[in-house]
Amino acid sequence: MGNGRRTSSRHTIGRTIGGTIGGAIDLAVGGVGKLVGSAIGVSGMASRTARRPRPKPGSAPGIESMPDVNTPPEPGRILIQCIDYGPHRIEKIDVTDIDAFLETPRPEWAAVRWINIDGLHPYVVNRVQKKFNLHLLAAEDVMHVPQRPKAEDYDNELFLIARMLTMTDGHLVAEQISMFYQKHLLISFQETHGDIWDPIRERMASTTSRLRTSGASFLMYALLDALVDFCFPILETFGDHLEDLELRVTENPTPELLHEVHAIKRELVMLRRVMWPMREMMANLQREDHACIPNAVRPYMRDVYDHTIQIIDVIETYREMGAGLTDLYMSAVSNRMNEVMKVLTIMATLFIPITFIAGVYGMNFDNMPELHTQYGYYGVWVVFVVITAGLLIYFRRKKWI
């Protein structure tokens, strides 16, 4: 019976230890998972939509094999707006039936037709691709986001991929913008609803706007220019935040501030990863001889290229500021630690001699004449005070305190 109780106790202890170890392992794994997920969420630039699965290796180019390619999207999921405009007239249409709309030709009075599609759906992209005879590989890149910003020339068609950057709840959000440019036609695809092009739409309403008297190539320039110029307010936000962090790190360095600095540095890295390909794309557009881009528009493309260079320069400056803030934080923390160690060292130095004296007279020997002195206790205190005062005066003269 005793053996049975000991066995039962061993089993109970074993289960307890096993459960504790198992719980610790689960907690550690869960913590690591959260840490990795948090790192991915912070270091990776946020996207408005979930990434779509890549096609299987060896599959045919295009989007014909994608699911729902023959199923129209639900009402309201995809928003399509068509703007036909010319020197003397402009007309905006919110498209509800994509099939009926594609059968409607561009009006004779309209010099440019701009079709803006908010949302990605295989059926819509496939119908547009077939209607306007877009390249299969370009249509595939529209659906498979995110893609690297680039410019592809397909005969009489120019295909562009850019990135639209916005700030949402203090975090940098990137969205892929795909454009198809043909003569008198510009088609733009966005991942989700909403964009930063409302000022361009307002400019279209004015009869004196250059957009009304220029072709689709100038509209393409205006959209790209807005995408690039919208990075300047974002950089100003980062700059203000970095300056604020510099003051806070100097006054009171805390681990939370270091986390904020690292978060900004990661977002600046991601912003740089977007703007470098944009710079290459704009250099391609303003240097290469694209037959579909008239010479009158090339100076405007060069202006956008100059803006990308300015943005990259500012990004590099802010990255250096972020690195400097990290060094400043480490220096501030080190200085605070040195101050603490300095105080502790001074206190220890003050107590070492008086501790030695107290230790000597704490020994239990009979032949210690000072033990029987009438004013020996007070004399020891006088010695303590004199030694402490002398050390403090010495430290002050050395400017250690």
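Residues numbered from 1 in each chain as written. Predicted model: local features only at pLDDT ≥ 70, side-chain atom pairs only at ≥ 80, totals over all residues. Heavy atoms only, no water.

### What about the side chain of aspartate 118?
Note the threshold: Per the convention used, a helix needs a DSSP run of H or I reaching at least four residues, while a strand needs a run of E reaching at least two, with both numbered from the N terminus. Each residue gets one of three labels from its accessible area relative to the maximum for its type: buried under 20%, exposed over 50%, partly exposed in between, using a 1.4 Å probe on protein chains only. Residues scored as charged are limited to Lys and Arg (positive) and Asp and Glu (negative), so that His and the chain ends carry no count. Here, a salt bridge means any Lys or Arg side-chain nitrogen found within 4 Å of an Asp or Glu carboxyl oxygen. Counted as a polar contact is a pair of N or O atoms within 3.5 Å, where, for protein atoms, one must be capable of donating a hydrogen and the other of accepting one, and residues adjacent in sequence contribute only when both atoms are in side chains. In this description, contact between two residues means that some pair of their heavy atoms is separated by no more than 4.5 Å.
Tracing the chain through its elements places aspartate 118 in strand β4 (residues 112–118). Of the buried charged residues, aspartate 118 lacks a salt bridge, with arginine 201 as the closest side chain of opposite charge at 5.8 Å. Of note is the side chain of aspartate 118, whose polar atom sits 3.2 Å from the side chain of glutamine 190. The residues touching aspartate 118, leaving out its near neighbours within four places in the chain, are Arg77, Ile78, Leu79, Gln190, Thr192, His193 and Gly194.

### Remarks on helix α3 (residues 122–132)
Counting buried positions along α3 yields eight of 11 residues, so the element is predominantly enclosed. Looking only at α3, the buried set comprises Pro122, Tyr123, Val124, Val125, Asn126, Val128, Gln129 and Phe132. Close packing links the buried residues of α3 with β2 (79–85), α2 (98–102), β4, α4 (136–143), β7 (171–182) and β8 (185–190). Immediately beyond the C-terminal end of α3, within one or two residues, lies asparagine 133, with a positive phi of roughly 55°.

### Remarks on the pairing of strand β5 (residues 150–154)
Heads up, the condition is: Only when DSSP finds a minimum of two bridges between them are two strands counted as paired.
Judged from the five bridges that link them, β5 and strand β6 (residues 157–168) form a sheet pairing that is antiparallel. Paired with lysine 150 across the bridge in β6 is isoleucine 161. Hairpin connection from β5 to β6: two residues lie between these consecutive antiparallel strands, with aspartate 155 at a positive phi of about 50°.

### Remarks on the nonpolar core
Definition in use: Among the buried residues, those of types Ala, Val, Leu, Ile, Met, Phe, Trp, Tyr and Cys that are joined through side-chain atoms within 4.5 Å form a nonpolar core.
Of all hydrophobic cores here, the largest spans 64 residues; its most connected members are Met179, Trp197, Leu219, Met220, Leu224 and Met275. Of all the elements, helix α9 (residues 255–287) adds the most residues to this core, at 13 residues. Once residues within four sequence positions are removed from consideration, methionine 179 is found in contact with Leu158, Phe159, Leu160, Leu186, Ile187, Ser188, Trp197, Met220, Leu223, Leu224 and Leu227. The next biggest cluster of nonpolar side chains, apart from the first, holds 30 residues, and it includes Ile80, Val124, Ala138 and Tyr154.

### Here we look at the packing of aromatic side chains
What characterises a pair of aromatic rings is the spacing of the ring centres plus the angle enclosed by the ring planes. This is how the line gets drawn: Centres within 6.5 Å are what make two rings of Phe, Tyr or Trp a pair, Trp counting through its six-membered ring; a difference in plane orientation under 30 degrees is then read as stacked, over 60 as edge-to-face, and the rest as tilted.
Counted under the stated rule, the structure contains 12 aromatic pairs. With a centroid separation of 6.4 Å and an interplanar angle of 75°, the aromatic rings of tyrosine 377 and tryptophan 381 are classed as edge-to-face. Linking tyrosine 377 with tryptophan 381, this pair stays in helix α11 (residues 376–397), spanning four residues, or about one helical turn. Tryptophan 381 sits in the partly exposed class, given a relative accessible area of 45%.

### Observations regarding a nonpolar patch on the surface
Heads up, the rule is: Patch criteria: residues need more than 30% relative accessible area and no salt bridge. Like-charged residues are merged within 9 Å; nonpolar side chains of Val, Leu, Ile, Met, Phe, Trp and Tyr are merged within 5 Å. Under the convention used here, a 1.4 Å probe and the Shrake-Rupley method define accessible areas, while residue burial counts only the protein chains that appear.
Taken together, the side chains of Met337, Val340, Met341, Val343, Leu344, Met347 and Phe351 present a nonpolar region at the surface, about 660 Å² in accessible area. You can see methionine 347 is positioned in helix α10 (residues 298–360). Since its relative accessible area comes to 42%, methionine 347 is described here as partly exposed.

### So, the packing of helix α8 (residues 231–251) against α10
Quick note on the threshold: Angles here are taken between N-to-C directions and fall from 0 to 180 degrees, while the axes themselves are lines fitted to C-alpha atoms, restricted in helices to the stretch in contact. Roughly parallel means an angle under 35 degrees; roughly antiparallel means over 145; roughly perpendicular covers 65 to 115; every other angle is labelled oblique. Rotating anticlockwise by less than a right angle from the far helix to the near helix defines a left-handed crossing, while the corresponding clockwise rotation defines a right-handed one. Each residue is assigned to one of three groups, with Ala, Val, Leu, Ile, Met, Phe, Trp, Tyr, Cys and Pro labelled nonpolar, Asp, Glu, Lys and Arg labelled charged, and all others, Gly among them, labelled polar.
Two elements in contact, α8 and α10, have axes separated by 10 Å at closest approach and are oriented at 15°. In terms of orientation, α8 lies roughly parallel with respect to α10. By crossing handedness, the relation of α8 to α10 is classed as left-handed. Contact with α8, carried on its side by Cys231, Phe232, Leu235, Phe238, Gly239, Leu242, Leu245, Glu246, Val249 and Thr250, involves His307, Gln310, Ile311, Val314, Ile315, Tyr318, Met321, Gly322, Leu325, Leu328, Tyr329 and Ala332 of α10 and no other residues of that element. Classifying every residue of the contact of α8 with α10 gives 16 nonpolar, five polar and one charged.

Remember, this is a structural readout, not a statement about activity or role.
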